[in-house]
Amino acid sequence: WWTTLNDPTLDGLVTRAVAANLDLRLAEARVREARAQRGIAASALLPGVDAKGSYTRVRSSANTTSGVGLTGGDSTGSGGTTTGTRGQASDLFIAGFDASWELDLFGGVRRSVEAADADIDSTEEARHDVLVTLVSEVARNYVELRSFQNRLGIAQANVKAQEDTLGLTRARFDAGLTSELDTTRAQSNLETTRSQIPTLETGAKQAVHRLGVLLGQNPGTLSDELAGAGPIPSAPSQVPVGLPSDLLRRRPDIRGAERDLAGATARIGVATADLFPRVTLTGTVALESSRLASLFEGDSLAYSFGPGVRWHVFDAGMVRNNIRVQDARAAQALARYDRTVLTAFEDVENALVAYSREQVRRGSLALAVAAAQRSVQLSNDLYTRGLTDFQNVLDAQRDLYTLQDQLVQSERTVTADLIALYKALGGGWEPEDAGT
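Our subject in this report is the structure included herewith.

Rules of the game
Residues numbered from 1 in each chain as written. Predicted model: local features only at pLDDT ≥ 70, side-chain atom pairs only at ≥ 80, totals over all residues. Heavy atoms only, no water. Pairing = 2+ DSSP bridges. Helix = DSSP H or I, 4+ residues; strand = E, 2+ residues; numbered from the N terminus. Axes fitted to C-alpha atoms, helices over the stretch in contact; angles between N-to-C directions. Salt bridge = Lys/Arg side-chain N within 4 Å of Asp/Glu carboxyl O. Buried < 20%, exposed > 50% of the residue type's maximum accessible area, 1.4 Å probe, protein only. Parallel < 35°, antiparallel > 145°, perpendicular 65-115°, else oblique. Contact = heavy atoms within 4.5 Å.

Details of the sheet that holds strand β3 (residues 278-289)
Phase 1 of the analysis: Sheet architecture is open: four strands sit in the order β1-β2-β3-β4, paired in antiparallel fashion. Each edge of the open sheet is held by one strand with a lone partner, namely β1 (48-59) and β4 (301-310). Averaged over all pairs of adjacent strands, the angle between their axes in this sheet comes to 20°, without regard to strand direction.
Phase 2 of the analysis: Inspection of the sheet shows β1 paired to strand β2 (residues 89-103) by 12 bridges, in the antiparallel sense. Bridge assignment links valine 58 to a residue of β2, and that residue is serine 90.

This is how it looks when you write it as structure tokens:
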């Protein structure tokens, strides 16, 4: 949308900001994190298999009547993993696989995957929101910079004109045609205008510094590049906005809030699944032998498998309270969604009103500046011929400078209001598949 302002310098700044901004880099990392979290949640839908291998050498105590060794069994093989005579050492080699699979009979895992999908969508919308904000901030600060530069040029031009007026009053005073009062008034008027210049220079430098940070660079990097004054980007006279209710669907904060609500709803299902039994299939296949040479023989094969059931019979209300927690969080997400929608409508309506009314104000200020310029010419001519008081000259010059400064600020405000409107609409109104 920023290309509608027809400023190649701004286009370049936006491109560089999108490529290097640190806030956008952070948002992209959060998207990658959410995708990885989704993979963790989805992994519970499939069996888990662990490979195992071990070697154990055990010597049972010869000073016990039962031959109990370190393994907790006796040396006769009645309860442990070692066999043989008391006091003798034995080896055990094991290689195999353990597998377990919790059956998602009541949808707890599927709902957790659904919640993770919603989290991905939410972080992607958050990244889009950062992108919209970034582009808007670059454009706004660029407009601020051009505004300060133009206001500085107007102040300097007025200083030059007022210096000429001061020279005229001094000449007339030296010739005895006027009093010293006119000279002191001209001097006061000149210094008042000069006092505005440092403030305007500060504003321009701060805008350059802010643009540098938005581009992921040191604050002063763009000082030479943007030192030359340029015009304030002009906004189009008409904007084909359409219906805000349709365009608000593009706002990433609304879409993100909707996905947050979806994720909160899905987590209610995750919590509810804890009310029901958990069924797990487990199995082990291994080769076991007391001699390494016979480990891979058929007689070394050992296995076990079977289902297991676990059910919270008594948990002091933990599961049901967790369901209530998730219900409350979903209600909070719904309230945030409703609030986001209302705020979005407010943003759009305010931006539309501000943009349209500031255009009217700018038109009136342009007419006022033209009239003030003519007033300065007439007052100077009349004063030079001695037909009017010098106060009229001072008033005309002050009015001209004030109106010129207000006109530049109004031009800046019109463009800034347009930028705010684009931002309020979620980054413009081009088709969704047009890309950014």
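A look at the pattern of salt bridges
Phase 1 of the analysis: Evaluated as defined, the whole model comprises 24 salt bridges.
Phase 2 of the analysis: Aspartate 405 serves as the salt-bridge partner of arginine 151, at 2.7 Å between the closest nitrogen and oxygen. With arginine 151 in helix α3 (residues 108-174) and aspartate 405 in helix α9 (residues 390-424), the pair connects residues that are 254 residues apart, well separated along the chain.
Phase 3 of the analysis: According to the relative accessible area criterion, aspartate 405 is buried, its value standing at 10%.
Phase 4 of the analysis: Residue arginine 194 pairs with glutamate 191 through a salt bridge whose shortest N-O separation is 2.8 Å. With arginine 194 and glutamate 191 both in helix α4 (residues 180-194), this residue pair falls three residues apart, about one helical turn.

A word on the packing of α4 against helix α5 (residues 196-214)
Phase 1 of the analysis: Contact pair α4 / α5: the axes reach a minimum separation of 4 Å and the direction vectors enclose 10°. What the angle tells us is that α4 and α5 run roughly parallel. Across the interface between the two elements, Thr192, Thr193 and Arg194 of α4 pack against Gln196, Ile197 and Pro198 of α5.

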